[in-house]
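Residues per chain, in single letters:
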Amino acid sequence: MAARCCGCSVRCCCWLLVLTLVALAVTATVVFIRYKNGGQVFPLPGVPDPKYAEALAVALQFFQVQKSGKLVKNEIPWRGDSALDDGRDAKLDLSKGMYDAGDHMKFGFTLAFTGTMLSWSVLEYGAAMRAANQHDAAMDALAWIMDFLLNAHPSDDVLYIQVIFLIINLHSNHLDRLSPFSTQSQMHDEIATLNQNQSILKVYLCDLLVIDQVGDPKADHKCWERPETMSENRPLTKITTKSPGSDVAAETAAAMAAASLVYKPINGTYSSTLVDHAERLFAFADKYRGAYTRTFPELSAYYNSTTYQDELLWAASWLYHATGNHSYLSYATGKNGEEYADLGNPRYFSWDDKRAGTEVLLSRVRFFAADGSDVEQDEGLGSYKETADAVMCILLPESDTAAFRTEGGLLYVAEWNSLQHPVASAFLAIVYSDYMSTSGKTELTCSGKSFTASDLRKFAKSQADYVLGDNPMKLSYLVGFGDSYPQQVHHRGASIPADVDTGCDGQEWLKSPKPNPNVAMGALVGGPFKNDSFIDNRENVRQNEATTYNSALIVGLLSGLVSSSTVAQSLS
């Protein structure tokens, strides 16, 4: 009996020793982090939050729903191969990439933004994605996008920015608007060579895009079919030295630079290729300046770029992180920053306006600069940081400069696709809060009031929770998450049974009062109106259409919330 007690005592002593060593290790870690962060303590990353981990898994599925081309390991039962010939007219393989929304268009501008944001999310929250078993899904989506963008840049001064087919009504009274044909007779001659007997034709023109009935939703919905059954040719639009598009080129450069950082530790060759293309595209965008919707005014009906200067600053910032070349930092903080950044005036982050994102990204440099270093004392960089602070202040509901939000608590900026701005803003807030916590610079002052990193995280969480069902409609705006979510998402593929070939005439499925036969898993729909109301109707485009770039934003936000906090790591 005594021997057994002695053995028990030895084992107990061993366990006590192990627990003591673990406690000492944890204490040492906390002390180290306190030292590294000016004595400030913040929560260590913990077990993934099951709600946000589940939502992240759902959100990432929409990238699979939106894939174009020859699908690999397809897990969406109602999706199949599509658009396999995209780019053939230019002897390029543009079959990959993703459809923009509920249509079959590929817009390079928003697709590149999707790639940039997905890369940023992986860079900041890759560890959280791994903890939630979603890192592979994010990387799969990113590769599908980047392969397309690389192929769309066949030479230094050429970038293919769009794949689309449209319908032209020859009986229109607006033929004078169908440039870039020099005359109406030239246009008629071109059309006549295609088909002399039809009054309504599909016109396929490489490098030129002709649109009638700009902004008319009936024209946009003229063809309602599944992407798998498309038989129409699909024209390409490209920017060149004579037809510039600095915004698209610079956003693509930003996407490639950001992605190069993601791939740097796992595929150095691919990372170098991305950096090479990014630098050449940035040089092209900067030298041949102009907004793509000024070059192709017809495209403003889809994604009208208000300016290209913000994309130049955004791309330069990402290239600085990707290359370490201080000339890119000087580009953003010097004369160009003074002229184009509109520093001191906080703005909302979106596919069109990258200034708030640039301010947060460059604040990262300022947060972690060594005391007394040239970077730490850079006045231009300081102005970016001050403006980023102002952006955070308009997001905090208790701040004197707080922006408008609905009674349900949603930051509300625009009626069309109303969830884009609050989700994008919440992503910036969660990133900024982690920069604050990790750097130890934990106080944010808004008009004399002090706020903390926890306040920013609380705001970000409130927006995510609203999206996931904590709203007056008790509806999850993320399709497939929760018990109640939109059933009639404006999405061609989701609305038509997989075994039906409608040709171009599937309007009955657009107008059907029944739920979609296929669930567009992970789709983040446009969102509620100002009064928190939502109408689940397939023809309600402004509220019920999902976009691929919205998915990148919600993936970033949810990844940031999976863990209780994240220690910001070096991007390079």
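Worth saying up front: this structure is predicted, and the values here are computed from it rather than measured.

Glancing now at the overall build of the chain. Across its full length, the chain carries 21 helices and seven strands. The 572 residues of the chain split such that 57% are buried. Sequence-distant contacts in the chain: of pairs separated by 6 or more residues, those separated by 24 or more amount to 75%.

With antiparallel pairing, three strands are arranged side by side in an open sheet as β1-β2-β5. Unpaired on one side and paired on the other, β1 (106-107) and β5 (236-239) mark the two borders of the sheet. Summarising the sheet, β1 and strand β2 (residues 159-163) pair through two bridges and their orientation is antiparallel. Residue pairing in the sheet places Lys106 in a bridge with Val163 of β2.

Our next topic: the side chain of Ser271. With respect to the element layout, Ser271 can be found in helix α8 (residues 268-287). Of the residues examined, Ser271 reaches a relative accessible area of 6% and is grouped as buried. A distance of 2.7 Å separates a polar side-chain atom of Ser271 from the backbone oxygen of Ser260. The residues touching Ser271, leaving out its near neighbours within four places in the chain, are Ser260, Tyr263 and Lys264.

Take the pattern of salt bridges next. One pass over the full model with this rule turns up 23 salt bridges. We note a salt bridge from Lys461 to Asp465, for which the minimum N-O separation is 3.0 Å. Of this pair, Lys461 and Asp465 both sit in helix α17 (residues 453-467), four residues apart, which is roughly one turn of that helix. Exposure remark for Asp465: the relative accessible area of 11% places this residue in the buried category. Taken together, the shared-partner salt bridges connect Lys51, Lys461 and Asp465 into one network.

Time to look at the UniProt feature "active site" (unreviewed entry) in the chain. Sequence positions flagged by UniProt for "active site" (unreviewed entry) are, in local numbering, His490. For His490, a relative accessible area of 1% gives the class buried.

Attention shifts here to the packing of aromatic side chains. Enumeration over the complete set of coordinates arrives at 22 aromatic pairs. On the numbers, 5.1 Å between centres and 75 degrees between planes, the contact of Phe282 with Tyr331 is edge-to-face. Separated by 49 residues along the polypeptide, Phe282 in helix α8 and Tyr331 in helix α12 (residues 326-333) bring together distant segments of the chain. Like Phe282, the residue Tyr331 is buried in the burial classification. Among the aromatic side chains, those forming a connected cluster through ring pairs are Phe107, Phe109, Tyr292, Tyr302, Tyr303, Trp351 and Tyr549. The ring of Trp144 carries the charged tip of Lys67 above its face, separated from the ring centre by 4.2 Å. In this arrangement the basic side chain of Lys530 is found over the ring face of Phe404, its NZ or CZ atom lying 5.1 Å from the centre.

Next up on the list: the nonpolar core. Counting 162 residues, the largest nonpolar core has Trp120, Met146, Trp318 and Met392 as its most contacted members. Here this core takes 13 residues from helix α7 (residues 246-263), the largest share from any one element. Residue contacts for Trp120: discarding those within four places in its chain leaves Trp314, Trp318, Gly357, Val360, Leu361, Phe427, Leu428, Val431 and Tyr435.

For any part of a model where pLDDT is low, the fine detail of the predicted coordinates should not be relied upon. Residues at a pLDDT of 70 or more form 82% of the chain, whose mean pLDDT is 85. Note that residues 1-8 has pLDDT below 50 and, in this model, zero contacts with residues that lie over four places away or in other chains. A low-confidence stretch, residues 22-44 (pLDDT under 50), is modelled with 24 contacts involving residues beyond four sequence positions or located in other chains.

Conventions adopted
Residues numbered from 1 in each chain as written. Predicted model: local features only at pLDDT ≥ 70, side-chain atom pairs only at ≥ 80, totals over all residues. Heavy atoms only, no water. Helix = DSSP H or I, 4+ residues; strand = E, 2+ residues; numbered from the N terminus. Buried < 20%, exposed > 50% of the residue type's maximum accessible area, 1.4 Å probe, protein only. Contact = heavy atoms within 4.5 Å. Pairing = 2+ DSSP bridges. Polar contact = N/O pair within 3.5 Å; in protein donor to acceptor, adjacent residues only side chain to side chain. Salt bridge = Lys/Arg side-chain N within 4 Å of Asp/Glu carboxyl O. UniProt positions renumbered as here; feature names shortened; annotations may be inferred. Phe/Tyr/Trp six-rings, centres within 6.5 Å; stacked < 30°, edge-to-face > 60°. Lys NZ or Arg CZ within 6 Å of the ring centre and 35° of its normal. Core = buried A, V, L, I, M, F, W, Y, C linked by side-chain atoms within 4.5 Å. pLDDT = per-residue confidence, 0-100.

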